[in-house]
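Chain by chain, the residues:
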Amino acid sequence: MSLFEKIDKIKTHEKIIFLFVLYCNSLFFIYITGGTKYSYTHIIYIPFLLSSVLFGMRGGIIGSLISSTFLAIMPVNTETLEMQSFTNWFTRLIIFLIFGYISGFISRQAYREYYRMKKSTYYDNLLGIPNENAFKLAIDKCIENNELFSIAIIYIENKFEIDNTIGHSKSELTLKTITELFKKYQVDKKIEFFYSNNNYKFLLRDFSHEGTHKWLKNLNHNILEFPLNIEDFVIFLKAKIGAVIYNYNLKDSDQIIKKAFIAMDYSRNSENDFYIYNDNIKKTFDFTTLISEFKQGLNNNFLYLEYQPKLNLKENKVYSVEALIRWNHKKYGMISPSSFIPQLEKTYYINDLTYWILKTVIKDIKEWKNLGLNLKVSINLTPRNIQDEIFVDKMLMLFKENEPYSKQIEFEMTETDLMTKIDSHKTLDKFREQGIIFAIDDFRTGYSSLAYLKKIPADYIKIDRIFIKELLSDNYDKEIVDTTIKLAHTFGKQIIAEGVENHETLEFLKKINCDEIQGYYYAKPMKKIELIKFLNF
């Protein structure tokens, strides 16, 4: 704690008593040493300068008046009782007032500069909320006091895409809007909120494992379910959260924060929206090694496809399926696509994977045709796939060589990619000329307005599962889904609802004229042989 903070902790009446005693002792010392004639008189500067330190300019001026007044009634020489002249007293008064004002001014400026520097050290300059330094300090205090607490670190996965959409010049506005959202969860003194390095952090005091889990679940639900409005854009956040509960063994804030980041990384590389750290948590994959093993896995059939049927609600039949990549790693076992696809997207290996999927799907379509099974197959396409002109030409050539089977292929791209890669529309048109149908995946988890539906070159709209899973109990979700279906139909587009988990949801979607559904209630992803059995072929 600094000197300024120690001074601020002293109560006002204690400061006054201290100064009163100091003045009395100083004046008494001047008197017994012979009066104002001698150099001991200068000791009076101590209390009145301290007055300026404790009370600023006002304290300095009042202190100078007190000092000069008492010195005026004190003899120049206590033995002869000679009194000083008015000129000497008045001159001393003016000098004291000048010194009192200047010292008070300097003292206040020093205070302001100290607290300005402290704020810049412990607060984010843009958002005005505590930063990483304050976060560590708060954790250290909890450890020192042996408190039960948890910390949660939140990573906004689609922050860059949001900035691309509404403009990087409005990035600060986005941060402030998201910050205001999170501030709502700072409901009492037990919950503290921090920001640094594009991560939002919470310190939860006196939260058990159960309480932390419940709080995270509620926070995550509201982050994903409710949109933000920024510059007429409807923004849906994608967030991953890592948390750790203090176990009294760790005595260092850096170690605790590191565990929260490990939990967050685990969440990002899995299908969990949030994860609480435990000692049995799996080590995150060595992505460098994993990517280097990708080609080997592809060539040795460690990667394979599963297909998830889509049910046409009007005819109660399956006309299309979605191809989903699976990787059965020899060391890690089954690896979630969310763990390796984002890494592949950073390299040209993503093109190799997409091309392998296309060839495999075309081969399967041919087999199904021979069985009398006429299925369309949707494949996920990434921005890197369509930004590489050589690879685009390679795909188009593959389609031409495999007509008419290639016309059974549908491409899916996320709303985010279609929104932020507007230049790619010309490339998409080349595929459409070949009879390839496009669908928007994860619709309404990005940040488009519904009016943008008219401009997007897509035939199908897939409503994300976050709006479907609580469709029956959440009127807000009902309104979003119903409005999206009506508007999509107005623009000649069809709707697929993904993540349907029960019969009641299916019936409600049928009632509001949803075209197709996809989800575990009807069918889980399955291998090719299982799909043929499922469809009774």
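Scroll up for the structure.
Residues numbered from 1 in each chain as written. Predicted model: local features only at pLDDT ≥ 70, side-chain atom pairs only at ≥ 80, totals over all residues. Heavy atoms only, no water.

Chemist: How should the side chain of S150 be read in this particular structure?
Modeler: Relative to the helices and strands, S150 resides in strand β1 (residues 149–156). Among the polar contacts made by the side chain of S150, one reaches the main-chain carbonyl oxygen of F207 at a distance of 3.5 Å. Once residues within four sequence positions are removed from consideration, S150 is found in contact with F202, L203, L204, F207, T212, V244 and I245. (Helix = DSSP H or I, 4+ residues; strand = E, 2+ residues; numbered from the N terminus. Polar contact = N/O pair within 3.5 Å; in protein donor to acceptor, adjacent residues only side chain to side chain. Contact = heavy atoms within 4.5 Å.)

Chemist: Sorry if this is basic, but what is going on with the nonpolar core here?
Modeler: Where a protein is soluble and globular, its nonpolar side chains tend to be buried together. L353, V361, I409, F411, F431 and L509 are the most contacted members of the largest nonpolar core, which has 77 residues in total. If you look at the next biggest cluster of nonpolar residues, it comprises 33 residues, including I162, Y195, L219 and I235. (Core = buried A, V, L, I, M, F, W, Y, C linked by side-chain atoms within 4.5 Å. Buried < 20%, exposed > 50% of the residue type's maximum accessible area, 1.4 Å probe, protein only.)

Chemist: Explanation requested: the pattern of salt bridges in the structure shown.
Modeler: Any two side chains of opposite charge can pair if their charged atoms end up close together. This structure, assessed with the given rule, holds 22 salt bridges. When the shortest N-O distance is used, the salt bridge between E306 and R326 registers 3.2 Å. One end of the pair, E306, is in strand β8 (residues 303–312); the other, R326, is in strand β9 (residues 317–329), and 20 residues separate them in sequence. Where E498 meets R465, a salt bridge forms, and the shortest distance between an N and an O atom there is 4.0 Å. Here R465 lies in the loop between β14 (460–463) and α18 (475–490) and E498 lies in strand β15 (residues 494–498), a separation of 33 residues in the sequence. Given the relative accessible area of 43%, R465 is considered partly exposed. (Salt bridge = Lys/Arg side-chain N within 4 Å of Asp/Glu carboxyl O.)

Chemist: Honestly, the side chain of K240 in this entry has me stumped. Any pointers?
Modeler: Summarising the element assignment, K240 is placed in strand β6 (residues 239–245). Looking at K240, the relative accessible area reads 8%, which means it is buried. In terms of polar contacts, K240 uses its side chain to reach the backbone carbonyl oxygen of S267, at 3.5 Å.

Chemist: What exactly am I supposed to notice about the sheet that holds strand β2 (residues 191–196) here?
Modeler: Two pairing modes exist for strands in a sheet, parallel and antiparallel, and in both the strands are linked by backbone hydrogen bonds. Strand order in the open sheet formed by five strands is β2-β3-β1-β6-β7, with mixed pairing between adjacent strands. The strands lining the two open edges of the sheet, one partner per strand, are β2 and β7 (274–276). In this sheet, neighbouring strand axes are inclined to one another by 15° on average, regardless of whether the strands run parallel or antiparallel. Two strands pair when backbone bridges link them, and β1 and β6 are joined in this way by seven bridges, in the antiparallel orientation. Residue pairing for β6: Y155 is matched across the bridge by K240. Sheet strands in contact with helix α7 (residues 171–183) are β1, β2 and β3 (199–205), and its direction is about 15° off that of β3. Contacting β1, β3, β6 and β7, helix α9 (residues 253–268) crosses the sheet at an angle of about 140° to β6. (Pairing = 2+ DSSP bridges. Axes fitted to C-alpha atoms, helices over the stretch in contact; angles between N-to-C directions.)

Chemist: Teacher, can you tell me more about unusual backbone geometry here?
Modeler: Excluding glycine, residues mostly carry a negative phi; peptide bonds, for their part, are mostly trans. The peptide bond linking E403 to P404 adopts the cis configuration, its omega dihedral lying at 5°. With phi around 60°, L81 is a residue other than glycine that occupies positive phi space. When you line up the elements, L81 lands in the loop between α3 (45–72) and α4 (86–122). Judged by relative accessible area, L81 falls into the exposed class, the value being 55%. Phi angles above zero are rare outside glycine, and D206 is one such case at about 60°. Take D206: it is sitting in the loop between β3 and α8 (209–225).

Chemist: How should a nonpolar patch on the surface be read in this particular structure?
Modeler: A cluster of nonpolar side chains, I61, L65, F86, F90, I94, I98, Y101, I102, F105 and I106, forms an exposed patch at the surface whose accessible area comes to about 920 Å². Among the elements of the structure, α3 and α4 are those that each provide at least two residues to the nonpolar patch. Ranked by residues supplied to the nonpolar patch, first place goes to α4 with eight residues. Its place among the elements puts F90 in helix α4. (Patch = residues over 30% accessible without salt bridge, like charges linked within 9 Å, V, L, I, M, F, W, Y side chains within 5 Å. Areas by Shrake-Rupley, 256 points an atom, 1.4 Å probe, with all protein chains shown as cover.)

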